[in-house]
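# Reading the structure
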Amino acid sequence: MHEEAIRKADVLVEALGYMRKFHGRFIVIKVGGSVMENPESLRALLVDVVFMQTVGMRPVLVHGGGKAITVAMERAGLTPRWVKGRRYTDDATLDIVARVLAEEINSDIERHINKFGGRASGLHHKTHQCLYGRKLLLPGEDGELVDLGRVGDVTEVDIPPIENLCLAGVVPVLPSLAEDEDEDGKLLNVNADTAAAAVAQALRADKLIFLTDTPGILLDRNEPSSLITGLTPGECRDLINRGIIDKGMIPKVEACLTSLEAGVRKTHVIDGRLRHSLLLEIFTETGVGTEIVQEENDGRSSPPGRRPVVVR
Ligand SMILES: Nc1ncnc2c1ncn2[C@@H]1O[C@H](COP(=O)(O)OP(=O)(O)O)[C@@H](O)[C@H]1O
Ligand SMILES: CC(=O)N[C@@H](CCC(=O)OP(=O)(O)O)C(=O)O
């Protein structure tokens, strides 16, 4: 009995150092559609967010909802189409994206956080828009620019409303929608990984954490035990070139790399399906997912406190 109680106290003491370290620091958390599919995972995650806010950190949530958008489109008789990993977004699709992200998912997250004893406030075009952007034009195979419809990238983040909510002990919750700088009031559909990176960079966050549906970055996507616990940008680029980091993981890792370059201290990819993965990643020495940090000055490739990098 004593042993069990002492072990719990040890856990609290281990967490204490991290609570001090991250007190008052911005931590941007990206919640993907895959995590939100499971109400139990979402509940555990939002309890962790309330915990973080209660001990004085400044968590900021940025969310997508790709799966829910696809379901809503199919219900409306629209067929989703992806161009270079982005959803082709015509006006009818944009209406659905805006409704699902800002009105359904955002309000749901806000309501849950409030239910768990925290305070949260959605920041979007129906309340207070903080993300501004431009239409995204990507070069196609033939060098011509590809039209993605109303898809954009974030070019500007209105920081004071986000900071003010954090200072007041409220968790800001932002959907991946930006207002078009060139067409007043019109919205753009933004990939949620890149939206989260833009927010982390603008806030100069200490951490950017991606919650997704794998244990982290895996060496073999079909083998959860092949988790790579720590990576540097150089190692990430190598894994992308070798096709080991692929598909939906590419925008996350690219978002990590641009954020590190812009001054975000650490980035993480962790399993949103694992109960309390957020607390385990932040408050324990070993963490549970993959941590990506700039090269260490002493030439070590593994971040301190982590098991050695497994890159073959
Ligand atoms: N090396 C890798 N390790 C883990 N997952 C990978 C890797 N390469 C590609 N993936 C894929 O990336 C997916 C996560 O991206 P995505 O489906 O866009 O998630 P989310 O909806 O959370 O944004 C995983 O489910 C997996 O299929
Ligand atoms: C332009 C573009 O593709 N936007 C995404 C926005 C949502 C998103 O990114 O959601 P996940 O994080 O769940 O993938 C989309 O329409 O699906």
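Residues numbered from 1 in each chain as written. Chains lettered and ligands numbered in written order. Predicted model: local features only at pLDDT ≥ 70, side-chain atom pairs only at ≥ 80, totals over all residues.

The next thing to look at is the overall build of the protein chain. A count of helical and extended segments in the protein chain gives 10 helices and 14 strands. Radius of gyration (C-alpha) of the protein chain: 19 Å, near the 20 Å computed for a compact globule of 312 residues. By its C-alpha atoms, the protein chain is 60 × 45 × 35 Å across when sized along the principal axes. Counting over 312 residues, the protein chain shows a buried share of 44%. (Helix = DSSP H or I, 4+ residues; strand = E, 2+ residues; numbered from the N terminus. Rg over C-alpha atoms; globule rule 2.2 N^0.38 Å. Buried ≥ 20, exposed ≤ 12 C-beta atoms within 10 Å, placed from the backbone.)

Taken together, 16 residues are adjacent to ligand 1, and Gly32, Thr212, Leu218, Gly248 and Met249 come closest. The residue inventory of the shell around ligand 1, partitioned by class, reads 5 nonpolar, 7 polar and 4 charged. (Near = placed C-beta within 6 Å. Nonpolar A, V, L, I, M, F, W, Y, C, P; charged D, E, K, R; others polar.)

Attention now goes to the environment of Ile240. The residue Ile240 is located in helix α8 (residues 233-241) in this model. Put simply, Ile240 and Lys266 are 26 residues apart on the chain and 19 Å apart in space, counted from C-alpha to C-alpha. Non-local contacts of Ile240, meaning those with residues more than four positions away in its chain, are made with Ile245, Ile250 and Val253. (Contact = placed C-beta atoms within 7 Å.)

All right, on to the sheet that holds strand β5 (residues 120-122) then. Taken in spatial order, the 8 strands of this open sheet run β5-β8-β2-β1-β11-β13-β14-β12, and their pairing is mixed. Strands at the two margins of the open sheet, each flanked by one partner only, are β5 and β12 (230-231). In the sheet, strand β11 (residues 207-212) pairs with strand β13 (residues 266-271) via 6 bridges, with the strands oriented parallel. Residue pairing in the sheet places Leu208 in a bridge with Thr267 of β13. Strands β1 (26-31), β2 (58-63), β8 (171-175) and β11 of the sheet are contacted by helix α3 (residues 39-54), whose axis makes an angle of about 150° with β2. (Pairing = 2+ DSSP bridges. Axes fitted to C-alpha atoms, helices over the stretch in contact; angles between N-to-C directions.)

With that settled, the discussion passes to the packing of helix α4 (residues 66-75) against helix α5 (residues 91-115). In the contact formed by α4 and α5, the axes pass within 9 Å of each other and the chain directions differ by 130°. It follows that α4 is oblique to α5 by the angle criterion. Of the two elements, α4 crosses α5, and the hand of that crossing is right-handed. Contact residues: Ala68, Ile69, Ala72 and Met73 in α4; Thr93, Ile96, Val97, Val100 and Ile105 in α5. Looking at the contact of α4 with α5, its residues break down into 8 nonpolar, 1 polar and no charged. (Parallel < 35°, antiparallel > 145°, perpendicular 65-115°, else oblique. Left-handed = near helix turned anticlockwise from the far one by under 90°.)

As annotated by UniProt and renumbered to match this structure, "domain: Aspartate/glutamate/uridylate kinase" (unreviewed entry) occupies residues 26-271. In residues 26-271, helix accounts for 40% and strand for 27%; the two terminal C-alpha atoms are 21 Å from one another. (UniProt positions renumbered as here; feature names shortened; annotations may be inferred.)

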